[in-house]
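Per-entry structural report
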Number of protein chains: 2
Amino acid sequence: MDELGFIKLAERSMSAVSSCGEGIGDDCAVIPTSVGRVTVVTTDMLAEGVHFRLSTSSAYDIGWKSLAVNLSDVASMGVRPVASFMAIARPDGLSDEWYEEFMAGYRDLSVRFGVPLMGGDTTASESGLTVCVTAIGEGEAAHVKRRSAALSGDIVMTAGTLGDSAAGLSLAESGSTRYPALLKAHLSPSPQVEEGQWLGGRREVHAMTDISDGVAKDLGQICRMSGTGARVELTRLPLSDDMRRYCAEENIDPAVPALCGGEDFKLLFTVDEAEADTLAADFASHFGYAPYPIGRMTPSGGIEWLRHGVAVNERFTGYIHR
Amino acid sequence: MDELGFIKLAERSMSAVSSCGEGIGDDCAVIPTSVGRVTVVTTDMLAEGVHFRLSTSSAYDIGWKSLAVNLSDVASMGVRPVASFMAIARPDGLSDEWYEEFMAGYRDLSVRFGVPLMGGDTTASESGLTVCVTAIGEGEAAHVKRRSAALSGDIVMTAGTLGDSAAGLSLAESGSTRYPALLKAHLSPSPQVEEGQWLGGRREVHAMTDISDGVAKDLGQICRMSGTGARVELTRLPLSDDMRRYCAEENIDPAVPALCGGEDFKLLFTVDEAEADTLAADFASHFGYAPYPIGRMTPSGGIEWLRHGVAVNERFTGYIHR
């Protein structure tokens, strides 16, 4: 049974239990708490050999990243992360120093956004290291941004460059230490916690998600859940200088890592067309950098890729996490 | 680094981040949401080879129990579970039927208490099966019961018989199918969700926890966190007929599994002395069975064990989960 098969089984199994809010389908579940307020919840499991290797990731980076992926999910809902929980299955053979570095990475990211670790579980593992982090966010119900809220005509924006993490993964796997910024984008990504909260407060922002599986797949989800299509201009994809250089050296079309690379953890959102320029300017004056418009939502029909305004017949598919 | 060492490391690492509520130390973390309301959160990880073996536990029981341990934690806080989240690392080699049975167990317990599964994560595993469930509860801040709230003079009660799970574990490990009720107590325990909520609404109930590590250890925690001692009358320990019979056959002092056996998942709570009889009568008329008074909180000094009122010099220590 593959991942999708298991998710469908879980949904089918649970259809008899009525939900108290919105569950499977968005970056976080949304639970109403009191009038106008919600709690959002997300959980992610990182397994040795699947999401990281002890030979290529440092303890610090594993600690950092196990929290980062969850804070990114909370940010993409437009609310503030207020607590995290860590469950960890620990094999024999990792040193005290390893765990100290692991907790240092987790702590440094916690401190950066003021999110306390409020509980968890620790167990022995007969096999590999497994880390499962749950993050809780809190905020106004009216601020919550869903994947399903895009409207035809909306401008599609990302809050950062694309494909850095995919390039960093290739570098890490080849053992290279060139391009430290790309390696860092993969090994210890920075979730856009402040940007997510700020965008949550703007009514002209309609749909939002974080890019965990690549723009092709994550924007595809927005289209599917909003009942819309999208048109993306490949020449507008924001690429870092390092990514361009790396792709030139490796003879890779940079659109491929930019659209299909996983784990960029940049926010991807759609904005009312009439307000898009103002929103971008306000964002830039608040954060010191501008978000990147990459396309536009259309009435239907999946994603169409354009180069200089002309439809291209390429297929981009998202990154498959296992 | 052992479990306690890791917990201390985590606490030390996070001391720089101020908490938004009450974190590590009780069955759940408590996060204030709005005036007079709280969200409670707990997470538990079950690992193959540590918490269960695929050879002795059925898929159904593993699914059931992975949720049961978390619902028990929420119940022990005195509030209502409102949602669960499941992260699962799945190795190759388990059949579709296995996962269907697993989800059937999870679903049946969810249906029983009306708790929806609202999200999660699924990943491949290069090693064993690992299941991490997070449960969220909601309720009035005034109803929350803490381990730290016992007062000297309180009557100590349990809401069910003790040691059944420990006996069931021994039976399961020996491959025996005798005493199905004891096996069931271990393999698919019933969390006292309704009892927990009901006790949460009673002001005369001071401290509460669920018995996951044995009365000796869990009551010891209440003593330590409340700054009290306790006196427990061994002849008052509630034992099921099956447990008595099993212990007689095996030539075991039933006080040992009753006090040191893990995973009974019965509620253990302390009640204002003046109200204890009324509370017990009200509980019995509501649930159709009475809670069991087993002792009394004392001003200080850990737990003293009595037999017919006379102190005995036995040492009981809790069950060590790995």
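Values in this document were obtained by computation on a predicted structure and should not be read as measured data. (Residues numbered from 1 in each chain as written. Chains lettered and ligands numbered in written order. Predicted model: local features only at pLDDT ≥ 70, side-chain atom pairs only at ≥ 80, totals over all residues. Heavy atoms only, no water.)

Concerning the overall build of chain A
In terms of regular secondary structure, chain A is built from 10 helices and 12 strands. The C-alpha radius of gyration computed for chain A amounts to 19 Å, which stays within 12% of the reference 20 Å derived for 322 residues, consistent with globular compactness. Expressed as lengths along the three principal axes of its C-alpha atoms, the size of chain A is roughly 55 × 55 × 45 Å. Across the 322 residues in chain A, those meeting the buried criterion constitute 60%. (Helix = DSSP H or I, 4+ residues; strand = E, 2+ residues; numbered from the N terminus. Rg over C-alpha atoms; globule rule 2.2 N^0.38 Å. Buried < 20%, exposed > 50% of the residue type's maximum accessible area, 1.4 Å probe, protein only.)

Digging into the packing of helix H6 (residues 193–200) of chain A against helix H10 (residues 276–287) of chain A
Residues and elements named next belong to chain A. The contact between H6 and H10 brings their axes to 12 Å, and the two run at 140°. Considering the angle they form, H6 stands oblique to H10. Two packed elements cross with a definite hand, and for H6 against H10 that hand is right-handed. Contact with H6, carried on its side by Glu194, Glu195, Trp198 and Leu199, involves Leu279, Asp282, Phe283, His286 and Phe287 of H10 and no other residues of that element. Residues of the contact of H6 with H10, tallied by class, amount to five nonpolar, one polar and three charged. (Axes fitted to C-alpha atoms, helices over the stretch in contact; angles between N-to-C directions. Parallel < 35°, antiparallel > 145°, perpendicular 65-115°, else oblique. Left-handed = near helix turned anticlockwise from the far one by under 90°. Contact = heavy atoms within 4.5 Å. Nonpolar A, V, L, I, M, F, W, Y, C, P; charged D, E, K, R; others polar.)

Overview of the packing of aromatic side chains
Applying the stated rule across the entire model yields 20 aromatic pairs over all chains. Taking the centre distance of 5.7 Å and the plane angle of 75° together, the rings of A:Tyr99 and B:Phe6 count as edge-to-face. Pair noted here: A:Tyr99 is in helix H3 (residues 96–113) and B:Phe6 is in helix H1 (residues 3–13), and the two residues belong to different chains. Pair check on accessibility: A:Tyr99 and B:Phe6 agree, each one buried. Summarising the aromatic geometry, the rings of A:Tyr179 and A:Tyr246 are spaced 6.1 Å apart at their centres and angled 85° between planes, so their arrangement reads as edge-to-face. Of the two residues, A:Tyr179 is situated in the loop between helix H4 (164–173) and helix H5 (180–187) and A:Tyr246 in helix H8 (residues 241–250); the sequence distance between them amounts to 67 residues. (Phe/Tyr/Trp six-rings, centres within 6.5 Å; stacked < 30°, edge-to-face > 60°.)

Describing the pairing of strand S1 (residues 29–32) of chain B
Residues and elements named next belong to chain B. Of the pairings in the sheet, the one linking S1 to strand S2 (residues 37–47) comprises four bridges and is antiparallel in character. Of the residues in S2, the one forming a bridge with Ala29 is Val41. A loop of four residues connects S1 with S2, the two strands running antiparallel in sequence, and Gly36 in this loop sits at a positive phi of about 80°. (Pairing = 2+ DSSP bridges.)

Focus: the pattern of salt bridges
When charged atoms on two side chains of opposite charge get close, those side chains can pair. All told, the structure shown has 25 salt bridges over all chains when counted by the stated rule. Residue B:Asp26 pairs with B:Arg147 through a salt bridge whose shortest N-O separation is 3.8 Å. One end of the pair, B:Asp26, is in the loop between H1 and S1; the other, B:Arg147, is in the loop between strand S5 (130–140) and strand S6 (155–158), with 121 residues separating them in the sequence. By the burial criterion, B:Asp26 is buried, and B:Arg147 matches it. Members of the salt-bridge network, linked through shared partners, are A:Asp26, A:Asp27 and A:Arg147. (Salt bridge = Lys/Arg side-chain N within 4 Å of Asp/Glu carboxyl O.)

Remarks on the interface of chain B and chain A
Frequently, the measure chosen for interface size is the accessible area removed from exposure when the parts meet. On the chain A side, the residues contacting the 72 residues of chain B number 72 residues. Taking both sides of the interface into account, the surface hidden between chain B and chain A amounts to around 5600 Å²; carbon and sulfur atoms contribute 72%. Among the residues of chain B in contact with chain A, B:Phe6, B:Met45 and B:Met118 are the three that bury the most area, contributing 13% of the side total. Taken together, chain B and chain A are joined by zero salt bridges. Put simply, chain B and chain A have 10 residue pairs in polar contact (both at pLDDT 80 or more) between them. Per-class residue counts for the side of chain B that touches chain A are 36 nonpolar, 22 polar and 14 charged. (Buried area = accessible area lost by both parts, 1.4 Å probe. Polar contact = N/O pair within 3.5 Å; in protein donor to acceptor, adjacent residues only side chain to side chain.)

A short note on helix H3 (residues 96–113) of chain B
Taking 1.5 Å per residue, 18 residues should reach 26 Å; H3(B) reaches 26 Å between its end C-alpha atoms and fits that length. Those residues of H3(B) hidden inside the fold are in contact with helix H1 (3–13) of chain A together with helix H2 (59–75), strand S3 (80–91), strand S4 (117–125), S5 and helix H6 (193–200) of chain B. Among the residues trailing H3(B), B:Gly114 stands out with phi positive, at a value near 65°. (Expected span 1.5 Å × (residues − 1).)

Topic: the relation of the copies chain B and chain A
After a rotation of 180° and a shift along the axis of 0.0 Å, chain B superposes on chain A with an RMSD of 0.0 Å. With respect to symmetry, the two chain copies, as superposed, fit the operation of a two-fold axis. Within chain B, B:Ser127 has its C-alpha nearest the rotation axis, a separation of 2.8 Å. When the interface residues of chain B are mapped onto chain A, 100% of them again fall at the interface, so both copies present the same face. (Least-squares fit on C-alpha atoms with pLDDT ≥ 70 in both.)

Some words on the domain arrangement of chain A
Residues and elements named next belong to chain A. When its domains are assigned, chain A resolves into domain 1 (3–142) and domain 2 (145–311). Here the C-alpha centroids of domain 1 and domain 2 sit 22 Å apart. Residue-level contacts link 25 residues of domain 1 with 23 residues of domain 2. Overall, the association of domain 1 and domain 2 removes approximately 2100 Å² of surface from exposure, summing both partners, and the carbon and sulfur fraction of that is 51%. (Domains from an automatic or database assignment.)

What to know about the nonpolar core
Among the nonpolar cores identified, the biggest contains 38 residues, and B:Met86, B:Phe102 and B:Met103 are the most heavily contacted of them. Elements that contribute at least two residues to this core include exactly H1 of chain A together with S2, H2, S3, H3 and S5 of chain B. If sequence neighbours within four positions are ignored, B:Met86 has contacts with A:Phe6, B:Phe102, B:Met103, B:Tyr106, B:Leu117, B:Gly119, B:Gly120, B:Asp121, B:Val131, B:Cys132 and B:Val133. (Core = buried A, V, L, I, M, F, W, Y, C linked by side-chain atoms within 4.5 Å.)

Remarks on the side chain of A:Glu263
With respect to the element layout, A:Glu263 can be found in the loop between helix H9 (255–260) and strand S9 (267–271). There is a polar contact of 2.7 Å between the side chain of A:Glu263 and the side chain of A:Lys65.

Describing the confidence of the model for chain A
Averaged over every residue, the pLDDT of chain A is 92; residues scoring 70 or more account for 98%. Both confidence scores are given for the complex: pTM 0.91, ipTM 0.87. (pLDDT = per-residue confidence, 0-100.)

Brief notes about the sheet that holds strand S4 (residues 117–125) of chain A
Residue and element names in this part refer to chain A. An order of S1-S2-S5-S3-S4 is seen for the five strands of this open sheet, with the pairing classed as mixed. Two strands bound the open sheet, and with one partner strand each, they are strand S1 (29–32) and S4. Neighbouring strand axes in the sheet, compared pairwise and without regard to direction, differ in orientation by 15° on average. Where helix H2 (residues 59–75) meets the sheet, its contacts fall on strand S2 (37–47), strand S3 (80–91) and strand S5 (130–140), and the angle it forms with S2 comes to roughly 150°.

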